[in-house]
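Spelled out, the chains give:
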Amino acid sequence: MQSLTIRRPDDWHVHLRDGEMLRVVAPFTARQFARAVVMPNLVPPITTIPAAADYRERIWEAAGREFRPLMTYYLTDESNPDVVESGFNDDVWIAAKLYPANATTNSAFGVTDVHNLHPTLERMQRIGMVLCVHGEVTDPDVDVFDREAVFIDRVLIGLTRDFPDLKIVLEHITTAEAADFVRDAGPNIAATITPQHLHLNRNALFAGGLRPHAYCLPVAKREKHRLAVRAAAVSGLPKFFLGTDTAPHARHAKESACGCAGIFNAPYALESYATVFEEEGALDKFEGFASEHGANFYALPLNEGTVTLERDEEYVPERLGIGDIELVPFHAGQRLNWTFAG
Ligand code: DOR
Ligand code: ZN
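Named according to an unreviewed UniProt entry, the protein is Dihydroorotase originating from Sphingomonas sediminicola. If you open the UniProt record of the protein and go to Function (unreviewed entry), you find "Catalyzes the reversible cyclization of carbamoyl aspartate to dihydroorotate." UniProt's Subunit (unreviewed entry) comment on the protein is quoted here verbatim: "Homodimer."

Shown next, in the form of structure tokens:
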């Protein structure tokens, strides 16, 4: 196949940041995707209707009005079901994000015990609002590589039992346990999959030295898990869809004694995914994953229009320097098999 045209896709999980960084990174997402679910882990986090509406304005200023940011609300121990419902009814946000407290970047205000969320989750279940979950326990006794699988056992199974009709997206899955759980759960349980978790296993973090640009959370796992996540992505099942988790941090913040978690994959996201689907002999499943399953799960219309990828080598630069900000994109210095033609 020399060229691949698909319905215009959406990204169901992005970090667009704020200020100068927002202005630098948002155009990359808007170039490839019609809509994106925007994570609320700013400092301070997005916990009110005005904060979400103002942030959406700043995103429009950075990315253009054509782009449709789908906002999310940051759940805390103090979340109020009435606020969550009115932001949803007023089309300010489409989902709420559960960060277990201290699981990842800017999650200090996250939830210490999901039981604190029960009134809010009950309301979300009733109104059909999606819960996006960062599925990792934070117990320091749990090995970092086990945190997703343990979260499923200790938290997620209970949530799905207590709220059997709640729509849940288990974000950025990294394990066979997560892929199996989502596949076998009801139709109201889905998962996003990032490009990095399709390309990298945990060896990538230590290839010839410590590799900060391969570090994100949840961290990449063993090869058998990468293969399980790949199988899920190309399965054609409507539960699995595209969510890049593009998470830019300035180069100096990544290349540091305590480097930030997050991979900036927005610039070549579709090329990266297409390379995987081709390797798996599943290009026929790419459109569903990128452009249909997510919208159907969120009960939103499919996009009009198309994008085209051409089978042509794409060289990914070592660095992207824009203004005062220097970023290292995912696949820096490598070649991908596909080029985004617009
Ligand atoms: O690697 C990550 N980076 N994982 C997350 O969950 C958050 C994100 C960020 O905001 O940097
Ligand atoms: Zn994320």
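A. Main features of the pairing of strand β6 (residues 130–133). The side-chain alternation of β6 yields two buried faces, one formed by Val130 and Cys132 and the other by Leu131 and Val133. In terms of strand pairing, strand β5 (residues 95–98) meets β6 through 4 bridges, oriented parallel. Residue Ala96 lies in a different strand from β6, and its bridge partner there is Leu131. Since β5 and β6 lie parallel, the crossover through helix α4 (residues 118–127) that links them has a hand, and here it is right-handed. Taken together, the 3 bridges between β6 and strand β7 (residues 168–170) define a ladder with parallel strand orientation. Residue pairing in the sheet places Val133 in a bridge with Leu170 of β7.

B. Summary view of the site of ligand 1. The environment of ligand 1 is made up of 13 residues, and the closest members are Arg17, Asn41, Thr104, Leu217 and His249. One of the backbone N or O atoms of Gly262 is found 3.2 Å from an oxygen atom in ligand 1. Of the residues in the shell around ligand 1, the class split is 4 nonpolar, 7 polar and 2 charged.

C. Representation of the UniProt feature "active site" (unreviewed entry) in the protein. Taking the UniProt record as the reference, the feature "active site" (unreviewed entry) is found at Asp245. Within the secondary structure, Asp245 is located in the loop between β9 (240–242) and α9 (251–254). Apart from residues no more than four positions distant in its own chain, Asp245 is found in contact with His13, His15, His172, Thr194, Gln196, Leu217, Ile263 and Asn265.

D. Representation of the coordination of the zinc ion (ligand 2). Around the zinc ion (ligand 2), the donor atoms from the protein are His13 (NE2), His15 (NE2) and Asp245 (OD), and they sit 2.1 Å away. Donor residues binding the zinc ion (ligand 2) come from one chain and are separated in sequence as H-x1-H-x229-D. Within this pair, whereas His13 is found in strand β2 (residues 11–14), its partner Asp245 is found in the loop between β9 and α9, the two being separated by 232 residues in sequence. Taking the relative accessible area as the measure of exposure, His13 reaches 1% and is therefore buried. With a relative accessible area of 5%, Asp245 lands in the buried category.

E. Structural context of the environment of Gly281. Along the chain, the position of Gly281 falls in the loop between α10 (269–279) and α11 (286–297). Its relative accessible area of 63% is what places Gly281 among the exposed residues. For the pair Gly281 and Ile193, spaced 88 residues apart in sequence, the C-alpha to C-alpha distance is 18 Å.

Rules and cut-offs
- Residues numbered from 1 in each chain as written.
- Chains lettered and ligands numbered in written order.
- Predicted model: local features only at pLDDT ≥ 70, side-chain atom pairs only at ≥ 80, totals over all residues.
- Heavy atoms only, no water.
- UniProt positions renumbered as here; feature names shortened; annotations may be inferred.
- Buried < 20%, exposed > 50% of the residue type's maximum accessible area, 1.4 Å probe, protein only.
- Helix = DSSP H or I, 4+ residues; strand = E, 2+ residues; numbered from the N terminus.
- Pairing = 2+ DSSP bridges.
- Right-handed = clockwise from strand over helix to strand, strands pointing away.
- Near = heavy atom within 4 Å.
- Polar contact = N/O pair within 3.5 Å; in protein donor to acceptor, adjacent residues only side chain to side chain.
- Nonpolar A, V, L, I, M, F, W, Y, C, P; charged D, E, K, R; others polar.
- Contact = heavy atoms within 4.5 Å.
- Donors = N, O, S within 2.8 Å, 3.2 Å for Na, K, Ca; no water.

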